[in-house]
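Architecture at a glance
Below, each chain spelled out in residue letters.
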Amino acid sequence: GEHTVVYDIVNPRGVAFIPDYSNESFVQKVVSQDEFSKRVQVTAKMHPLRSKVLFPIPANAVPQSQSQYLMPEKDRQSNDPSLTRLVAEITGNSRTATEAANTIFSWLADNLTFDTSITVSSDALSALKHRKAYCVGYSNLAVAMLRAAGIPARVAHGYLPPGYEWGFSKDYWGVKVNDGGFHAYLELFYPDTGWVFSDAEHSHNFVDPFHIILRLDGMVMP
């Protein structure tokens, strides 16, 4: 099925740019807007992922336009020997790219602790060394590991609306309130399916409609 949420976003100082965007499992559409408000419809498609691409992904299967998302970056050191050894070890029995991605996400869930108070750098190698991170560190390490496995990936920058059990929690007179806030997650590319969101802290090949996408690595913003 599908799960759709419509948001009315209002700010007397003006609402920042929000893009229309869609991929295999997600559609975001700005339905109406003016200077101080936007109505945004977000749909999560909850059908099973159809990708069957073999692992390792053949080099000629990745389009040239997506090859930049296989390269190492300053905070996503996908060519570091310690990281490439780890990825080779945990994905060694994978037959498809989805299996390899799922082993990486499962390893992250089993070996990293979510910590908003951490003061070390949020790059991939720091998250790997300290085994603690917040959303940026989780996403950087997930992207670096996917790239080391030959799966194109990039960081998604978004916003979690208040409520829905997302974001920082506070108690007001015994009532738990979730404040929402900015959030980093990721998008990975399967050659036979296209781009798919994942959240390294919570979900494989899917995010719920409480993720409003603001920008992606490489996206040209107005």
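Rules used in this analysis
- Residues numbered from 1 in each chain as written.
- Predicted model: local features only at pLDDT ≥ 70, side-chain atom pairs only at ≥ 80, totals over all residues.
- Heavy atoms only, no water.
- Buried < 20%, exposed > 50% of the residue type's maximum accessible area, 1.4 Å probe, protein only.
- Helix = DSSP H or I, 4+ residues; strand = E, 2+ residues; numbered from the N terminus.
- Arc of directions from axis to C-beta.
- Contact = heavy atoms within 4.5 Å.
- Phe/Tyr/Trp six-rings, centres within 6.5 Å; stacked < 30°, edge-to-face > 60°.
- Lys NZ or Arg CZ within 6 Å of the ring centre and 35° of its normal.
- Salt bridge = Lys/Arg side-chain N within 4 Å of Asp/Glu carboxyl O.
- 1 Å grid on protein atoms, 1.4 Å probe; cavity = no way out; pocket = protein on both sides within 12 Å on 5 of 7 lines; lining within 4 Å.
- Points joined across faces, edges and corners; volume = space filled by probe spheres on them.
- Nonpolar A, V, L, I, M, F, W, Y, C, P; charged D, E, K, R; others polar.
- Core = buried A, V, L, I, M, F, W, Y, C linked by side-chain atoms within 4.5 Å.
- pLDDT = per-residue confidence, 0-100.

All right, on to helix H1 (residues 81-91) then. What H1 keeps buried is the set Leu83, Leu86, Val87 and Thr91. Down the axis of H1, the buried set is contained in an arc of 110°. They therefore lie on one face. H1 presents Arg85, Ala88 and Glu89 as exposed residues on the side facing more than 90 degrees away from its buried surface. Where the residues of H1 are buried, they touch helix H2 (97-111), helix H3 (124-130) and helix H4 (135-148).

Further remarks concern the packing of aromatic side chains. Applying the stated criterion across every chain, the model contains 7 aromatic pairs. Relative to phenylalanine 197, the ring of phenylalanine 26 lies with its centre 5.0 Å away and its plane at 85°, an arrangement referred to as edge-to-face. Placement of phenylalanine 26 in strand E3 (residues 26-33) and of phenylalanine 197 in strand E11 (residues 194-198) is noted, with a sequence separation of 171 residues between them. When its relative accessible area of 0% is taken as the criterion, phenylalanine 26 is described as buried. Among the aromatic residues, ring-to-ring pairing joins Tyr21, Phe26, Tyr185 and Phe197 into one connected group. It is arginine 154 that lies over the ring of tyrosine 69; its NZ or CZ is 5.0 Å from the centre. One Lys or Arg, arginine 154, reaches over the ring of tryptophan 195 and ends 3.8 Å from the middle of that ring.

This brings us to the pattern of salt bridges. Per the counting criterion, the structure on display carries 9 salt bridges. In this structure, lysine 29 engages aspartate 20 in a salt bridge whose closest nitrogen and oxygen atoms are separated by 3.3 Å. Residue lysine 29 is classed as partly exposed on the basis of its relative accessible area, which comes to 45%. Between arginine 50 and glutamate 24 there is a salt bridge, with the nearest N and O atoms lying 3.1 Å from each other. Of the two residues, arginine 50 is situated in the loop between strand E4 (37-45) and H1 and glutamate 24 in the loop between strand E2 (21-23) and E3; the sequence distance between them amounts to 26 residues. Here the salt bridges do not stand alone but share partners, grouping Glu73, Arg76, Arg147 and Asp217 into one network.

Space left empty within the atom packing is revealed by a probe, the size of a water molecule, rolled over the atoms. Counted under the stated rule, the structure contains 1 cavity of 30 Å³ or more. Forming the boundary of the largest cavity are Ile118, Val120, Ser121, Ser122, Ala127, Lys132, Ala133, Tyr134 and Gly137. Partitioned by chemical class, the residues of the lining of the largest cavity number 5 nonpolar, 3 polar and 1 charged.

The next subject is the nonpolar core. One finds Leu108, Leu141, Met145, Leu146, Ile151 and Leu188 to be the most contacted residues of the largest nonpolar core, which totals 37 residues. Elements supplying a minimum of two residues to this core: H1, H2, H3, H4, strand E7 (153-160) and strand E10 (181-190). Top element by residues in this core is H4. It accounts for 8 residues. Look past the residues within four positions of methionine 145 in its chain and what remains in contact with it is Leu83, Leu86, Val87, Ile90, Ile104, Trp107 and Leu108.

Bringing the confidence of the model for the protein chain into the picture now. Any region with low pLDDT has predicted coordinates that should not be read closely. Chain-level statistics for the protein chain give a pLDDT mean of 91 and a share of 93% at 70 or above. When pLDDT is averaged over each helix and strand of the protein chain, the minimum, 59, is found for strand E8 (residues 169-172) and the maximum, 98, for H1.

A cis geometry characterises the amide bond from phenylalanine 55 onward to proline 56, with omega recorded as -5°. On the secondary structure map, proline 56 appears in the loop between E4 and H1. Of note, the phi angle at arginine 131 is positive, near 60°, even though the residue is not glycine. Owing to a relative accessible area of 34%, arginine 131 belongs among the partly exposed residues under this scheme. Of note, asparagine 205 is a non-glycine position whose phi angle comes to about 55°, a positive value. Relative to the elements of secondary structure, asparagine 205 occurs in the loop between E11 and strand E12 (212-216). Assessed through its relative accessible area of 11%, asparagine 205 is described here as buried.

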